[in-house]
Amino acid sequence: MRTPLIAGNWKMYKTVAEAVELVEALLTSAEQGYASEREVLVCPPFTALYPLAPLLADSSIALGAQNMYHADEGAFTGEISPVMLKDIGCRYVILGHSERRQIFGEDDALINRKVHAALKHGLTPVLCIGETKPQRDAGDAETVTLGQLRASLHGLSATQARGVVLAYEPVWAIGTGDTATPADAQAMHAAIRAALASDYGQDIADAVRVLYGGSVKPDNVDALMAQPDIDGALVGGASLKADQFVRIINYQ
Ligand code: PGA
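None of the values given here were measured: they were computed from a predicted structure.

*Asks:* Any chance you could explain the site of the ligand here in plain terms?
*Replies:* Near the ligand lie 13 residues; those nearest to it are Lys11, His97, Glu169, Gly175 and Ser215. Side-chain polar atom of Glu169 to an oxygen atom of the ligand: 2.7 Å apart, as the coordinates give it. Between the ligand and the protein, one listed contact pairs an oxygen atom with a backbone N or O atom of Ser215 at 2.7 Å. For the ligand, whose free accessible area comes to 280 Å², the fraction covered by protein is 97%. Looking at the shell around the ligand residue by residue, the classes come out as four nonpolar, seven polar and two charged.

*Asks:* In this structure, what is going on with the sheet that holds strand β7 (residues 210-213)? I would like to understand it.
*Replies:* Whenever strands of a sheet pair, they do so through backbone hydrogen bonds, lying parallel or antiparallel. The strand order β1-β2-β3-β4-β5-β6-β7-β8 describes a closed barrel built from eight strands, whose pairing is parallel. Shown here is a sheet whose adjacent strand axes are inclined to one another by a mean of 25 degrees, direction ignored. Two strands pair when backbone bridges link them, and strand β3 (residues 61-65) and strand β4 (residues 92-95) are joined in this way by two bridges, in the parallel orientation. Across the sheet, residue Gly64 finds its bridge partner in β4, namely Tyr92. Contacting β1 (5-9), β2 (39-43) and β8 (232-235), helix α12 (residues 242-249) runs over the sheet at an angle of about 155 degrees to β1.

*Asks:* Can you walk me through the packing of helix α1 (residues 16-31) against α12 in this structure?
*Replies:* The angle between the axes and the distance between the axes are what describe a pair of packed helices. At a minimum axis separation of 10 Å, α1 and α12 run at an interaxial angle of 35 degrees. Handedness of the crossing formed by α1 with α12: right-handed. In this structure, α1 uses Leu22, Ala25, Leu26 and Ser29 to contact α12, whose residues at the interface are Ala242, Phe245 and Val246. Of the residues that constitute the contact of α1 with α12, the class distribution is six nonpolar, one polar and no charged.

*Asks:* Help me understand the state of the cysteines, please; the structure alone is not making it clear to me.
*Replies:* Joining two cysteines, a disulfide is a covalent bond between their sulfur atoms. According to the stated counting rule, one finds zero disulfides in the structure shown. With no disulfide partner, Cys43 has as its closest neighbouring cysteine sulfur the one in Cys90, 8.0 Å distant.

Reading the values: the criteria
- Residues numbered from 1 in each chain as written.
- Predicted model: local features only at pLDDT ≥ 70, side-chain atom pairs only at ≥ 80, totals over all residues.
- Heavy atoms only, no water.
- Near = heavy atom within 4 Å.
- Polar contact = N/O pair within 3.5 Å; in protein donor to acceptor, adjacent residues only side chain to side chain.
- Areas by Shrake-Rupley, 256 points an atom, 1.4 Å probe, with all protein chains shown as cover.
- Nonpolar A, V, L, I, M, F, W, Y, C, P; charged D, E, K, R; others polar.
- Pairing = 2+ DSSP bridges.
- Helix = DSSP H or I, 4+ residues; strand = E, 2+ residues; numbered from the N terminus.
- Axes fitted to C-alpha atoms, helices over the stretch in contact; angles between N-to-C directions.
- Contact = heavy atoms within 4.5 Å.
- Left-handed = near helix turned anticlockwise from the far one by under 90°.
- Disulfide = S-S within 2.5 Å.

Listed below in structure tokens is the structure:
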């Protein structure tokens, strides 16, 4: 049984004061309980992680980062290590987001090193994969997405693979208001799970959570979450507003 995970990716938004305000609103709703069993994660920008950690420490909301470098420490100006994220109480880290791939030139080999480093330090990677619009139009969506999956997980044992969360995020759906249909998302999630089964065995495939991301909103989350292979959501824009994110957490 996979516990659904609803994750907020705040991207480069929120000062510390704004981040605290949002988390306080989320904590208030968490105290009232959720519609059913589900896990909630917020991934604020680096500057807000440390001040938010004590607020979230004994709560039902987990803390995650949006990126990291793979080395433990060293002369890597501007980077943050897994050791540092663990040190301040992060449990998750988003890796391979399409904005990292497209704007900052991250490739599968680098993302693969980061996945290994996160697991080594006890951080759960939320590994993002997904095709662009031209790739989908060319009929290559599945080849591209599964190629990213396999390259990013390269060298993991089955036990390690069990510790990964995946997020299928079609690039054309991110920040556009243009969501994959529940049926298209389900088809890709099923293909991802089939690839996991063939690479690591059915047990692992059944255990790994595959989130959907890309313009998840209060008005489309219920239909997406009704799909058998969609185990949660990675939410960008709608995670920045407490009322919208709370509604998404409480999908029906
Ligand atoms: P969006 O972003 O919900 O604003 O489309 C999702 C993401 O980038 O993870």
